Amino acid sequence: MPPVHFQRRYTVRALTIPAGVVHSFAYGGPHEVSVTLAAPSEADRANGHLPENAFCTSSSRLEPSSKNRAVFEGIESNAFATAERTIISYRGPSGTTISLPALNQFPEHFGSFIATVDRELSDLARRTASMFRWRANLPGPHNPFSTRGLHWSFDETFWHPLPGDYRAVFHHAFDSIKISTQVLDDTKRSVANGESCPLDHDLFREAWEERFSNPRSAVVIGIAAAELGVKRLIATLVPPAEWLATNLPTPPLVRMLTDYLPILPARRTIEGMVKSPPNEVMETLRKGVTIRNQLAHAGSETPSQETVNEVLFAVQDLLWLLEFYAGCEWALGLVRRDTRNALGAA
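Here goes a summary of the coordinates provided.

How each quantity is defined
- Residues numbered from 1 in each chain as written.
- Predicted model: local features only at pLDDT ≥ 70, side-chain atom pairs only at ≥ 80, totals over all residues.
- Heavy atoms only, no water.
- Pairing = 2+ DSSP bridges.
- Helix = DSSP H or I, 4+ residues; strand = E, 2+ residues; numbered from the N terminus.
- Axes fitted to C-alpha atoms, helices over the stretch in contact; angles between N-to-C directions.
- Parallel < 35°, antiparallel > 145°, perpendicular 65-115°, else oblique.
- Left-handed = near helix turned anticlockwise from the far one by under 90°.
- Contact = heavy atoms within 4.5 Å.
- Nonpolar A, V, L, I, M, F, W, Y, C, P; charged D, E, K, R; others polar.
- Buried < 20%, exposed > 50% of the residue type's maximum accessible area, 1.4 Å probe, protein only.
- Polar contact = N/O pair within 3.5 Å; in protein donor to acceptor, adjacent residues only side chain to side chain.

Next up on the list: the sheet that holds strand β8 (residues 160-162). The strands making up a sheet are joined through hydrogen bonds of the backbone, oriented either antiparallel or parallel. An order of β2-β3-β4-β1-β7-β8 is seen for the 6 strands of this open sheet, with the pairing classed as antiparallel. Two strands bound the open sheet, and with one partner strand each, they are β2 (22-28) and β8. If you compare each strand with its neighbour and ignore which way they point, the axes differ by 25° on average. Of the strand pairs in this sheet, β2 and strand β3 (residues 33-38) are connected by 6 bridges, and their pairing is antiparallel. Pairing of Ser-24 across the sheet is with Thr-36, part of β3.

Here helix α6 (residues 199-210) crosses helix α11 (residues 305-326) at 165°, and the two axes come no closer than 11 Å. One way to sum up the angle between α6 and α11 is to call them roughly antiparallel. The two elements α6 and α11 cross, and the hand of that crossing is left-handed. Of α11, the residues touching α6 (which contributes Asp-200, His-201, Phe-204, Ala-207 and Trp-208) are Leu-312, Phe-313, Val-315, Gln-316, Leu-319, Trp-320 and Glu-323. Here the contact of α6 with α11 is built from residues that sort into 8 nonpolar, 2 polar and 2 charged.

Now for the environment of His-49. Within the secondary structure, His-49 is located in the loop between α1 (42-46) and β4 (54-62). For His-49, a relative accessible area of 30% gives the class partly exposed. A sequence separation of 28 residues divides His-49 from Val-21, and the C-alpha atoms of the two residues are 16 Å apart.

Okay, the side chain of Ser-122 next. Structurally, Ser-122 is set in helix α3 (residues 108-135). Here the side chain of Ser-122 touches Tyr-10 through a polar contact of 3.1 Å, side chain to side chain. Residues contacting Ser-122, with those up to four places away along its chain left out, are Arg-8 and Tyr-10.

Laid out in C-alpha cells, this is it:
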C-alpha cells in the first residue's frame with residue numbers, strides 16, 4: 001500500500017534566509033527523512049510572518065500498519081467528529097469540515113505511532129537548524145523553535161493537521177479548584193498577615209513559563225522547587241530541624257520522599273498515613289533529578305517537551321501533596337486525579 005507522508009513544521013526565530021532560497025538536507029534512511037530551511041513566502045509575510053524568522057520543515061514517509069492506516073482514513077472521512085471534545089476543525093480535501101479530538105483520545109497504538117514519527121522529525125529538524133546556525137556562525141536565541149504543527153498526507157497535495165496531546169495544556173482548566181469564597185478569604189487573610197506565596201511554588205511557576213522556550217532550565221528549576229518544598233515541609237512540621245533543613249546539604253530528593261517523608265508528624269494524613277508519592281510520580285521525579293544532574297555536571301541534550309511536561313506535573317503533584325501534609329486540606333484537591341487514586345485519596 002502507498003506510504004503516508006509526514007511533515008513537522010517549525011518557525012526558527014532570528015534565522016534569516018534570503019527570499020526565495022531553500023536550504024535542503026536529505027538524510028535518507030528507511031523513512032527518507034529530509035529537512036528544509038526557507039524564508040517565509042510573500043503570502044506568509046502578508047499573514048504576519050516576519051522575514052527574519054525562517055521556516056524549518058522536516059519530512060518523512062512511512063508505511064503504517066493496517067490498524068493505523070484505518071485511523072488515517074477515518075480522519076479523512078471525519079469519523080472522529082462525534083468525540084466528546086474536539087480541538088481542531090478544518091476543511092478537508094473534499095471541502096467538508098473535519099473535526100478532531102486531542103491525540104490522547106485516539107487508539108493507543110495510533111498515539112504511539114504518531115509519537116515515534118514526531119520524535120524522529122522533531123529531532124532532525126531541531127538539530128539541523130541548530131547545527132546550521134553554529135556552522136554558519138549565526139547568533140540567535142538559545143531555543144528559537146516555535147511549532148507550526150505536525151501534518152500528514154496521502155498524496156503530498158493536501159496536508160491534514162494532527163492534533164497534539166492536550167492533557168498538559170488543559171490541565172488547569174479541568175483540575176483546578178473554582179474561585180470560591182474560601183479562596184478569596186484565604187488570600188485576603190494571608191496577605192493581611194504579611195505572607196507571600198511560598199518560594200517553591202514561585203519557582204514552579206517560573207519553570208512552567210520556561211517549559212517551551214528553555215526546557216533544560218525548566219527541569220532544573222522544577223527539581224529545585226521540589227527540593228525546596230520538601231525542606232519547607234520539614235521546617236514547618238519539625239521546627240527544631242529548620243536550621244538543618246535550610247543550611248545543611250540534604251539527602252537526595254527521592255530518598256527524602258521514600259525514607260523521611262513517611263515519618264514526619266504531618267497535620268493531615270491519607271488513611272492515617274503520610275504516604276510518599278505513588279510509584280509513577282516517584283519514577284518521573286527520579287528521571288527529572290537524573291536530567292538535572294546531567295545538565296549541571298556534564299551537559300546533556302535538551303529533554304523532549306513530553307519529558308519536561310511529565311517532570312513538571314510530577315513536581316506540581318508533589319508540591320500540593322506537601323501542602324496537604326502541612327495542614328492545607330484543600331491542597332489535596334489540586335493533585336491530579338490519577339495521582340490521588342494511586343494514593344487512595346480519590
